[in-house]
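Chain by chain, the residues:
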Amino acid sequence: MSAATVNSGYQSETHSTPIEHRFNPYSDNGGTILGIAGEDFSVLAGDTRHTVGYSINSRYEPKVFDAGDNIVVSANGFSADGNALVSRFKNHLKWYHFNNNKKISLSSAARFIQHMLYGKRFFPYYVHTIIAGLDDEGKGAVYSFDPVGSYEREQCRAGGAAASLIMPFLDNQVNFKNQYEPGTDGKVKKELKYLSLEEVIQLVRDAFSSATERHIHVGDGLEILIVTKDGVRTEYFDLKRD
Amino acid sequence: MDHDPFRWGRPNDQHYGQYNNAIANAAIKYKDGIVIAADNLGSYGSLARFTDVERLFPTGDNAVVGISGDISDLQYVSRLLDDLEIEHNYDSDGHQLKASHIHEYLQKVFYHRRSKMDPLWNSVIVAGLDDDKPFLKYVDLLGVTYSAPTLATGFGAYLAVPLLRKVVDKEEDVANVDEETATNAIRECMKVLYYRDARSLDKYTLVTISKTNGVKVEKNQQSKEQSWRFAKDIKGYGTQVV
Amino acid sequence: MVILSPTLQQVEYALEAIKQGSAVVGLATKEHAVLVALKRNAEELGSYQKKIIKVDENLGIALAGLAPDARVLSNFLREQAMSQRMIYNRALSVEKASNLLADKAQKNTQSYGGRPYGVGLLVVGYDETGAHLFEFQPSGSVLEYVGAAIGARSQAGRTYLERNFESYANATKEELIVHGLNALRDTLSQDKELNSKNTSIAIVGKDTDFTLWDDDDVQPWLNKLDSTSNARTSGGNNGGDDDNDDDDNNNDESGDKSETKPEEENSEDKMETD
């Protein structure tokens, strides 16, 4: 408090240095997303709860989008940034079509998103981004990004509020981590194999209902976007609303 | 609570920027449209500074914008809405200025300003009828948006939303609610807000938008049948310590 | 110094450039709008110049005149359509698109050192007020039509449309395209015919995003034309204007008359027009 201010007798309770006010341009809108690649399909799922603090703003605010060209995309975290990123991506995709007269490949889309994210390296989009689709060979593919554009292709990835709850489950159930052939005394790892679409959807539903139990920012509804060579389709399942 | 006599009653850190403040407005969808209400109080810290602030702005033919937060920014936004309407009328090409268009525009303005670290310190609810379907969507100083069958800003998020969700919990419930039920629910919310939110008034404006009656604005509504008998039972505050 | 004598000389040249370009035809009902265009190649081994450009899911243009100028204008429209979608979450209305073009072009007619755009456009699109067709001219004039044709020998196409517009008011999109092709065919000189190489077709309308067909995709539509071997609709009605139907419900351009004179299909001019 500056010297010009009159002593109030409550001096000990007040700050001795001036209070700095700074606007915080970010918030956390909760929610979680999950992408899994299969042999000839991929899925990208997200819950539909939108929160801030302890409040549920909306029980149905979708955050996984069909961007066109058989690519689905979601940016989870600060929802204003997430929406800005997705709509900017869709827009650039339109211009890509004008200029190149062809569909964009998933790998090109991924590289492009890296540039969109890194372009705001010093005022980042506060989001965990995942895109899913099919690669040039028609195999399922998932790419995941950190907020400033570092990215890699993966078999599966969870992002957002409950990522740390879901990811170990995925390691075990998709990539068979810590799974060994029975009777080999932990010497022979269980062989990797592609999961069927039915298995993947069941896995996603289990992951989200478990996350809903343990995480307050996850729940209400689950929307799964499924990409196959025939296009994108959506499935919806209720989650607990408590 | 900061008891320093020199700070008591002043806008606190959380409310930095909002020297003139207006809180809480509540809205609900029903089968033929929407009902929205906002009280007429403009506070200066804990001082009830203005008691005739109009915070609901009918815009276009079938939309209303409810604004809470800093009042100077509120007045700026209302001028933006006037400009928007004027520009739209210049076009005169038979197209409607819909609630969804207004919301998208405001979201861009708010997100742009937050990205310049110079936010407009408001929370906004845009309500209306788009192609005869109820539209209700929120946007705030961060550019965060969400839509739900019931919405409220400020204290209303804690007090009004739970009451309104008893009437319409899911989007499907909207079809079963008539105008009277919706209006009564909103009026009840305004009363509860007046009971429990110190920075509120029992005088409010109520706007109903429906297919049959268009935009109906009812000003100077008074919260009726108030009962303050519970007050004598409250202990532990002010002079009544035991 | 701008001399009005009584018309703007530069604008007259620009309008002339349109007539050098190959013909494009547009038609609109309440629900659909169609563009058909005749493409030209500068030489036998060269590719054909694009005549129809998509602007947005609900909007597209066809050009006659200087193709580079049309690219500038279509890019401008794409940006405008994008900002409407980004800022307001709505499609650019066809009328607004046309008026934006008109304003942009009109500025050129008044500024010193500039030149008017040397291209005419047919703007088609679908919005909440239905399907629309506008004709844009470099003078900055924009008018709405149910049928329009611009470019070389386009009077013949207009004649066809004038005779048929009442019958296609409620046409299906298939019928509308066939009418368009018939009108376009009438603009051809005796020794030319429509084929999959030189024809472009585009449609936009209710539940139909802007779709452009070229090359092999055009052939099925050409097959729908009168089996009379892709020939003129009626004997003797070709190329030039045939009777007294010209201009009365047409626009105010004096230039139409000049088209009744036989015109060089590929005139050797300073400017290359398409």
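Here is what the cut-offs are and how they apply
- Residues numbered from 1 in each chain as written.
- Chains lettered and ligands numbered in written order.
- Predicted model: local features only at pLDDT ≥ 70, side-chain atom pairs only at ≥ 80, totals over all residues.
- Heavy atoms only, no water.
- Pairing = 2+ DSSP bridges.
- Helix = DSSP H or I, 4+ residues; strand = E, 2+ residues; numbered from the N terminus.
- Axes fitted to C-alpha atoms, helices over the stretch in contact; angles between N-to-C directions.
- Phe/Tyr/Trp six-rings, centres within 6.5 Å; stacked < 30°, edge-to-face > 60°.
- Buried < 20%, exposed > 50% of the residue type's maximum accessible area, 1.4 Å probe, protein only.
- Lys NZ or Arg CZ within 6 Å of the ring centre and 35° of its normal.
- Contact = heavy atoms within 4.5 Å.
- Buried area = accessible area lost by both parts, 1.4 Å probe.
- Salt bridge = Lys/Arg side-chain N within 4 Å of Asp/Glu carboxyl O.
- Polar contact = N/O pair within 3.5 Å; in protein donor to acceptor, adjacent residues only side chain to side chain.
- Nonpolar A, V, L, I, M, F, W, Y, C, P; charged D, E, K, R; others polar.
- Parallel < 35°, antiparallel > 145°, perpendicular 65-115°, else oblique.
- Left-handed = near helix turned anticlockwise from the far one by under 90°.

Q: Whenever I open this one, the sheet that holds strand S8 (residues 140-145) of chain A confuses me. Can you help?
A: Paired through backbone hydrogen bonds, the strands of a sheet run either parallel or antiparallel to each other. Residues and elements named next belong to chain A. An order of S5-S6-S7-S8-S9 is seen for the five strands of this open sheet, with the pairing classed as antiparallel. Looking at the sheet topology across the chains shown, the edges are occupied by strand S5 (64-68) and strand S9 (151-154). Pairwise comparison of adjacent strand axes, ignoring direction, gives a mean angle of 25 degrees for this sheet. Where S5 lies against strand S6 (residues 71-77), four bridges are found, and the strand directions are antiparallel. Looking at S6, one finds that Val 64 is bridged to Ser 74.

Q: Would you take a moment to explain the packing of aromatic side chains for this structure?
A: The description of two aromatic rings rests on the distance between their centres and on the angle between their planes. Summed over the entire model, instances satisfying the criterion amount to 15 aromatic pairs over all chains. Plain terms: the ring middles of Tyr 60 of chain A and Tyr 236 of chain A are 6.0 Å apart, the flat faces sit at 80 degrees to each other, and that makes the pair edge-to-face. Here Tyr 60 of chain A is found in the loop between strand S4 (55-58) and S5, whereas its partner Tyr 236 of chain A is found in strand S12 (residues 231-238), with 176 residues between them in sequence. Each ring, one from Phe 89 of chain A and one from Phe 112 of chain A, has its centre 6.4 Å from the other, and the planes form 35 degrees; the classification is tilted. Taken as a pair, Phe 89 of chain A in helix H1 (residues 79-100) and Phe 112 of chain A in helix H2 (residues 106-118) lie far apart in primary sequence, 23 residues in all. Taking relative accessible area as the criterion, Phe 89 of chain A reaches 2% and is therefore assigned buried. Here a set of aromatic residues connected by ring pairs shows up, and it is made of Tyr 26, Phe 78, Phe 123 and Tyr 126 of chain A. Arg 90 of chain C extends its terminal NZ or CZ atom over the ring of Tyr 88 of chain C, reaching a point 4.4 Å from the ring centre.

Q: What's the story with the interface of chain A and chain C in this structure? I'm lost.
A: Across the contact, six residues belong to chain A and ten residues belong to chain C. Summing the contributions of chain A and of chain C, the shared interface buries around 670 Å²; its carbon and sulfur component is 62%. Its largest share of buried area at the contact with chain C, chain A owes to Lys 94, Trp 95 and Phe 98 of chain A, together 72% of the area lost on that side. Along the contact surface separating chain A from chain C lie one salt bridge. Here Asp 56 of chain C and Lys 94 of chain A are joined by a salt bridge, their closest N and O atoms 2.6 Å apart. Our count for the contact surface shared by chain A and chain C stands at one residue pair in polar contact (both at pLDDT 80 or more). Residue classes in the side of chain A that touches chain C are distributed as two nonpolar, two polar and two charged.

Q: Please explain the pairing of S8 of chain A as it appears in this structure.
A: Consecutive residues of a regular strand have side chains that alternate between opposite faces of the sheet. Residues and elements named next belong to chain A. With respect to burial, S8 is a largely interior element, six of its six residues being buried. Neither face of S8 is open: one carries Gly 140, Val 142 and Ser 144, the other Ala 141, Tyr 143 and Phe 145, and all of them are buried. Here strand S7 (residues 127-134) runs beside S8; their pairing, made up of six bridges, is antiparallel. In the sheet register, Ala 132 faces S8, and the bridge partner there is Val 142. Taken together, S7 and the strand that follows it, S8, pair antiparallel across an intervening segment of five residues, in which Gly 138 is found at a positive phi of about 90 degrees. By the bridge criterion, four bridges tie S8 to S9 in an arrangement that is antiparallel. By the bridge assignment for S9, Ser 144 is matched with Glu 152. The turn linking S8 back onto S9 is made up of five residues, and Gly 149 within it adopts a positive phi angle of 105 degrees.

Q: Honestly, the pairing of strand S2 (residues 32-38) of chain C in this entry has me stumped. Any pointers?
A: All names here are of chain C. Most of S2 is tucked away: seven of the seven residues are buried. Note that strand S1 (residues 24-28) and S2 share five bridges and pair antiparallel. Within the sheet, the bridge partner assigned to Val 25 lies in S2 and is Val 36. A loop of three residues connects S1 with S2, the two strands running antiparallel in sequence. Relative to strand S9 (residues 199-205), S2 is paired through seven bridges, and the arrangement is antiparallel. Bridge pairing in S9 links Ala 33 to Val 204.

Q: How should the side chain of Glu 223 of chain A be read in this particular structure?
A: Residue and element names in this part refer to chain A. By secondary structure assignment, the location of Glu 223 is in strand S11 (residues 221-228). Here the side chain of Glu 223 touches Tyr 60 through a polar contact of 2.6 Å, side chain to side chain. Contacts of Glu 223, omitting those with residues within four sequence positions, involve Leu 44, Ala 45, Gly 46, Thr 48, Tyr 60, Pro 62, Thr 234, Glu 235 and Tyr 236.

Q: Looking at this model, I keep getting lost on the pattern of salt bridges. Mind explaining?
A: Once the charged atoms of two side chains with opposite charge are near each other, the side chains can pair. Here the structure, examined in full by the defined rule, presents 25 salt bridges over all chains. Across the pair Arg 153 of chain A and Asp 135 of chain A runs a salt bridge, and its minimum N-O distance is 3.1 Å. Of the two residues, Arg 153 of chain A sits in strand S9 while Asp 135 of chain A sits in the loop between S7 and S8, which places them 18 residues apart along the sequence. Overall, Asp 135 of chain A belongs to the buried group, its relative accessible area being 15%. Between Asp 39 of chain B and Arg 55 of chain B there is a salt bridge, and its shortest N-O distance comes to 3.0 Å. On the criterion of sequence distance, the pair formed by Asp 39 of chain B in strand S3 (residues 33-39) and Arg 55 of chain B in the loop between strand S5 (47-50) and strand S6 (56-59) is long-range, its members being 16 residues apart. Grouping residues by exposure puts Asp 39 of chain B and Arg 55 of chain B together as buried. Here the salt bridges share partners, and the residues they tie into one network are Arg 49, Arg 59 and Asp 220 of chain A.

Q: Is there a simple way to explain the packing of H1 of chain A against helix H2 (residues 67-88) of chain C in this structure?
A: Describing two packed helices takes the angle between their axes plus the distance from one axis to the other. Between H1 of chain A and H2 of chain C, the shortest axis-to-axis distance is 12 Å and the interhelical angle comes to 160 degrees. In terms of orientation, H1 of chain A and H2 of chain C fall into the roughly antiparallel class. Relative to H2 of chain C, the crossing made by H1 of chain A is right-handed. Residues Ser 87, Arg 88, Asn 91, Lys 94, Trp 95 and Phe 98 of chain A of H1 of chain A touch H2 of chain C, and the partners they reach there are Asn 75, Arg 78, Glu 79, Met 82, Arg 85 and Met 86 of chain C. Class assignment for the residues of the contact of H1 of chain A with H2 of chain C results in four nonpolar, three polar and five charged.

Q: For this particular structure, what's the right way to read the sheet that holds strand S11 (residues 150-152) of chain B?
A: Residues and elements named next belong to chain B. Spatial ordering of the open sheet is given by S11-S2-S3-S12-S13, a layout of five strands whose pairing is antiparallel. The open sheet terminates on both sides in strands that have one partner only, identified here as S11 and strand S13 (214-222). Each strand axis lies, on average, 15 degrees off the axis of its neighbour in the sheet, ignoring direction.

Q: How should unusual backbone geometry be read in this particular structure?
A: All names here are of chain A. Phi at Asp 69 takes a positive value of approximately 55 degrees, unusual for a residue other than glycine. Among the secondary structure elements, Asp 69 is positioned in the loop between S5 and S6. Residue class for Asp 69 comes out buried when judged on its relative accessible area of 16%. The phi dihedral of Asn 178 is positive, around 65 degrees, even though this residue is not glycine.

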